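# Topology and contacts: notes
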Amino acid sequence: MCVNYRPPTPEQFNGRIGAFSILPHDWHWPEETWKDYAAPILRAAPGLPLEACVASYGMVPRRHIPPEVKPFDTMNARAESLVERRSFAPAWRRLQLCAVPMLWFYEPCYESGRAERTAIGMADDAMFWVAGLWREWQEADGTMATAFTQVTINADDHPLMRRMHKPGDEKRSLVLLGQEEVGDWLACRDTDVARSFLRHYPAEAMKAWPAPLAPKRAAPPPSPNLELF
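Residues numbered from 1 in each chain as written. Predicted model: local features only at pLDDT ≥ 70, side-chain atom pairs only at ≥ 80, totals over all residues. Heavy atoms only, no water.

## Section: the nonpolar core
With 33 residues, the main nonpolar core has Leu97, Trp129, Leu133, Trp185 and Leu198 as its most contacted residues. Counting residues per element, the ones that place at least two in this core are strand 2 (38-45), helix 2 (89-93), strand 5 (97-102), strand 8 (128-138), strand 9 (144-154) and helix 3 (182-186). Counting 28 residues, the second-largest nonpolar core is a separate cluster that includes Ile41, Phe128, Trp134 and Met161. (Core = buried A, V, L, I, M, F, W, Y, C linked by side-chain atoms within 4.5 Å. Buried < 20%, exposed > 50% of the residue type's maximum accessible area, 1.4 Å probe, protein only. Helix = DSSP H or I, 4+ residues; strand = E, 2+ residues; numbered from the N terminus.)

## Things to note about the pattern of salt bridges
One pass over the full model with this rule turns up 14 salt bridges. Residue Glu139 is joined to Arg63 by a salt bridge in which the shortest nitrogen-to-oxygen separation is 3.0 Å. Of this pair, Glu139 sits in the loop between strand 8 and strand 9 while Arg63 sits in the loop between strand 3 (48-57) and strand 4 (76-78), and the two are 76 residues apart along the sequence. When its relative accessible area of 17% is taken as the criterion, Glu139 is described as buried. Note that Glu170 is salt-bridged to Arg172, the shortest N-O span being 2.9 Å. Note on Glu170: relative accessible area 33%, which makes it partly exposed. Owing to a relative accessible area of 5%, Arg172 belongs among the buried residues under this scheme. (Salt bridge = Lys/Arg side-chain N within 4 Å of Asp/Glu carboxyl O.)

## Details of the environment of Gly132
As for its placement among the helices and strands, Gly132 is situated in strand 8. C-alpha of Gly132 to C-alpha of Leu174: the two residues are 42 residues apart in sequence and 9.2 Å apart in space. Not counting chain neighbours up to four residues away, the residues in contact with Gly132 comprise Gln96, Leu97, Cys98, Thr149, Gln150, Val151 and Trp185. (Contact = heavy atoms within 4.5 Å.)

Below, the structure is given as structure tokens:
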């Protein structure tokens, strides 16, 4: 499933969902988001104000996995098992919902016979949102940090998303939210209502295009005149 995406810049994100998404000037994040990277989200929960924050991608950050436990990934939460998985069930029951802003996300497409990194976004290039969950962690220094995950659904019948991933594998998709749906998703006060948002986004409003990773540059050879000692 999606483990890498392009978030908006602070300027693109700022103020998109009212005053609570106006960011401090010193908030920044990487150009692309991978596991444990910082990225912006809008978060909400019953009894808490809606707010923007910078959070860590992955519901259980690697630094919070005990050394004796084999590392595992929590960037994506399957909608079918939200009430069962210990990593996600408490946040789901408490309706700790978030909306993750994106410009596009990446998936592997095997239509050519091999994996080709493919970007997926809106047909009109607009920023969009993905349904997610969040939780807090107490760090070693006593401060509290936020982490998040994205919710995924089966995509075997979605005209665009069923093209992604290895042949024979189950097809999955992020839950995309339209701009007009974000406020209602974050305002959910019942898990049954929240689950009604876990549906596909229209394929005709989306597009996909090749997005190969830039080749890594080899380190330049040391200068023959370089004095090491």
